[in-house]
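# Secondary and tertiary structure notes
What follows is the residue order along each chain.
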Amino acid sequence: MAYAEQSDDAAQDDLQQKFPTPRNMTNQDQQELPNLPGEAESAAGERKLIEDRLAKTAQIRARGLDPYPPRFDRTHTSEEATRLFEDAEAVAGTSADEAEPPRTEPVRVAGRIMARRGMGKAAFIDLKDGYGSIQAFARQNTMGDDAYAIVNLLDIGDIIGVEGSVIRTRRGEISVEATKVTVLTKAIRPLPDKWHGLQDQEIRFRQRYLDLISNDTAMKNALLRSNVVRSMRSFMHGRGFIEVETPILVPVAAGAQATPFETHHNQLDRDLYLRIATELYLKKLIVGGIERVFEIGRLFRNEGLDHDHNPEFTTIESYQAYADYNDVMEMVESMVAHIAEETTGSMILPEVEGIRPEIDLTPPWPRLDLREEIKKRSGIDFVETRDAESLSAAMRERGIHVEAGSAWGRLLDKVISSEVEPHLVQPHFLVDYPVEMSPLAKRKPDSDEIVERFEAFVMGTELANAFTELNDPVDQRERFEQQERMRLDFGDDEADRLDEDFLVAIEHGMPPTGGLGLGIDRLTMLIAGEESIREILLFPAMRNT
RNA sequence: GACGGGCUAGCUCAAUUGGCAGAGCAAGUGACUCUUAAUCACUAGGUUCGGGGUUCGAGUCCCCGGCCCGUCACCA
């Protein structure tokens, strides 16, 4: 429907199909380029490449063939065809009959042309499909003159089907010896450089399909991401968790400290926000009696982008009734190690040169007391610098940047991220946070100031955040009110928001609960050995052009 | 947001001090029936990110803007 406004040209297009313009006619007035998106901007050189390919498309039609047929009956993937031949070869090797080189029954494979080596009346074509690649060997005297003619109309990037037996060429390459070649999709734009691949970072992110076609690591990371999520799901199901989906469009963006995106529902005439966390809805389900619940989903935070932040990202949050943060800690280290083992075969992630040393995810991970660790790394004892003034003074003394007008909790967060986190390359838990930083976590039984909260760190960045959930509705209301005050007092857009519906829910009684939030993009970065979230997200956020 | 690096043919990259904008791949034509970065010959292909300035002359120097990358700041 996107091109509906061009329907006046349909009749003419139809004519073009029935009477395609031969290639060598001057195409200026004979054959107008169809309206291609972006044509206006495309350079002359690029347009010529497209015209050449469109001319070949017309020639294919002129031979009575459809360059975009609706289906192709593939019998084997590249992988299966290769295995079929190897099996045949193994059988042939055991028999005494050496007169005939091995050859399989005819197969049909399909894929994209990655390279072509023409030899006059023969050609070698490298085909790539979703499982690997295989060479096709086309010879005029095998295919016949008429069938072979199509081979001269092929370009790198076209998607074709090849029918024939699988053989091994004299140079040893397993190949489908074509009896028939079928164009399945004529490509009218060229692929990136076949040898160097696609190097331009910007195009890699903006046109990820090109990256997937030409760079193996792009495909590897995409598949890894999928496997990580699958492994995570099965781990959670294995522990009896129920997977749910909760609203993304919400009236109050609560449950975390972040700036939300705003939007508007026209018919309800009501402002809505994109969620910044799944936390509060999931806890309502705990109130409702779903004792183990999780959601894997997209969160949206209106903040800057860099190598490990994207405005939309994916987390898993889970809540388990009758568990506390110690139980969650055990679950996190087990889950991460399990996922690493399932997706890479080992709990020990290899060194990535210039990026990180070997990372050993084998449980248990060391638990570090947050207060002790801050003292050790910075000399600051947050129990003795309980107000923003004295904490800022201590920070300045140690050369830590202090953002004027920040709340105490935010300052301490800065101390942690600049002094402690960089040392946590191997997996660690930082345990027991001050209440000011954690409006949704329950206080430790013996303390008014410390809550049962931990964060998991690997490679110097936060991987997970978890706590024993606050289920005292009176305390929770006070904490929200304190957050609302922070928004006013400090102009802190990111203070958490009071969510009355949630308070009403837990006023009905939420059992003791252990909760978790874990960044799936960052987990995948870790397992992939990538430094940038953009290597993991298929379509990362980009500035406008 | 600040600072630094980058942007040249469809792709990957050159271009000395400011002095005719080049190569490989891809494309086109021709040769070639076992190649695999096939080979050989020839041809075509450029708003050097955009705009302004300095200069006899700007890919190169200066200013403004765009986008990408990096560091820092901000941000869980």
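### Points about the environment of L127
Structurally, the position occupied by L127 is in strand β2 (residues 122–129). For L127 and R522, which are 395 residues apart along the polypeptide, the C-alpha to C-alpha distance reads 34 Å. In this structure, L127 is in contact with V109, A110, G111, R112, I113, G132, S133, I134, I160 and V162, ignoring residues within four places of it in sequence.

### Re the packing of aromatic side chains
Tallied over the entire structure, the rule returns five aromatic pairs. A centroid spacing of 6.2 Å and a plane angle of 80 degrees characterise the contact between F480 and F502, whose relative ring orientation is edge-to-face. With a gap of 22 residues between them, F480 in helix α15 (residues 473–490) and F502 in helix α16 (residues 500–507) connect regions that are remote in the sequence. Connected via pairs of aromatic rings, a cluster forms that spans W365, F429 and F454. When the ring centre of Y281 is taken as origin, the NZ or CZ atom of K284, which lies over that ring, is 4.7 Å away.

### A few points about the domain arrangement of chain A
Per the domain assignment, the segments of chain A are domain 1 (4–62), domain 2 (78–191) and domain 3 (214–366 + 426–535). Of the residues lining the interface, eleven residues belong to domain 1; the matching set on domain 2 comes to twelve residues. For the pair domain 1 and domain 2, the summed buried area comes to about 1,100 Å², and 62% of that belongs to carbon and sulfur atoms. Our count for the contact surface shared by domain 1 and domain 2 stands at two salt bridges. A salt bridge links R189 to E46; its shortest N-O distance comes to 2.8 Å. Applying the counting rule to domain 1 against domain 2 returns five residue pairs in polar contact (both at pLDDT 80 or more). Partitioning the side of domain 1 that touches domain 2 into residue classes produces six nonpolar, two polar and three charged.

### Quick word on the protein's contact with RNA strand B
Taken together, 56 residues are adjacent to RNA strand B, and T169, R171, K194, Q257 and R453 come closest. When the atoms of RNA strand B within 4 Å of the protein are sorted by group, sugar and phosphate make up 60%. For the surface near RNA strand B, the secondary-structure elements that each account for two or more residues are α3 (44–62), β1 (107–118), β2, β3 (132–139), α7 (201–206), α14 (408–420), β16 (450–458) and β17 (461–468). A per-element tally of the surface near RNA strand B places α3 first, with six residues. Its residues placed into classes, the surface near RNA strand B shows 13 nonpolar, 15 polar and 28 charged.

### So, the pairing of strand β4 (residues 159–168)
Burial runs high along β4: seven of the ten residues are buried. Across six bridges, the pairing between β1 and β4 is antiparallel. Note on β4: the bridge partner recorded for V107 is G164. For β4 and strand β5 (residues 174–185), the ladder comprises ten bridges, and the chain directions are antiparallel. The partner of E163 across the bridge, within β5, is K180. Hairpin remark: β4 followed by β5, antiparallel, with five residues in the connecting loop; positive phi at G172, about 95 degrees.

### Side note on the packing of helix α12 (residues 370–378) against α14
One can describe the packing of α12 onto α14 by two numbers: an axis separation of 10 Å at closest approach and a directional angle of 60 degrees. As the angle between them shows, α12 and α14 are arranged oblique. As α12 packs across α14, the resulting crossing turns out to be left-handed. Contacts between α12 and α14 involve L370, E373, I374, R377 and S378 from the first element and L412, V415, I416, E419 and V420 from the second. Here the contact of α12 with α14 is composed, by residue class, of six nonpolar, one polar and three charged.

What counts and how
- Residues numbered from 1 in each chain as written.
- Chains lettered and ligands numbered in written order.
- Predicted model: local features only at pLDDT ≥ 70, side-chain atom pairs only at ≥ 80, totals over all residues.
- Heavy atoms only, no water.
- Helix = DSSP H or I, 4+ residues; strand = E, 2+ residues; numbered from the N terminus.
- Contact = heavy atoms within 4.5 Å.
- Phe/Tyr/Trp six-rings, centres within 6.5 Å; stacked < 30°, edge-to-face > 60°.
- Lys NZ or Arg CZ within 6 Å of the ring centre and 35° of its normal.
- Domains from an automatic or database assignment.
- Buried area = accessible area lost by both parts, 1.4 Å probe.
- Salt bridge = Lys/Arg side-chain N within 4 Å of Asp/Glu carboxyl O.
- Polar contact = N/O pair within 3.5 Å; in protein donor to acceptor, adjacent residues only side chain to side chain.
- Nonpolar A, V, L, I, M, F, W, Y, C, P; charged D, E, K, R; others polar.
- Near = heavy atom within 4 Å.
- Buried < 20%, exposed > 50% of the residue type's maximum accessible area, 1.4 Å probe, protein only.
- Pairing = 2+ DSSP bridges.
- Axes fitted to C-alpha atoms, helices over the stretch in contact; angles between N-to-C directions.
- Parallel < 35°, antiparallel > 145°, perpendicular 65-115°, else oblique.
- Left-handed = near helix turned anticlockwise from the far one by under 90°.

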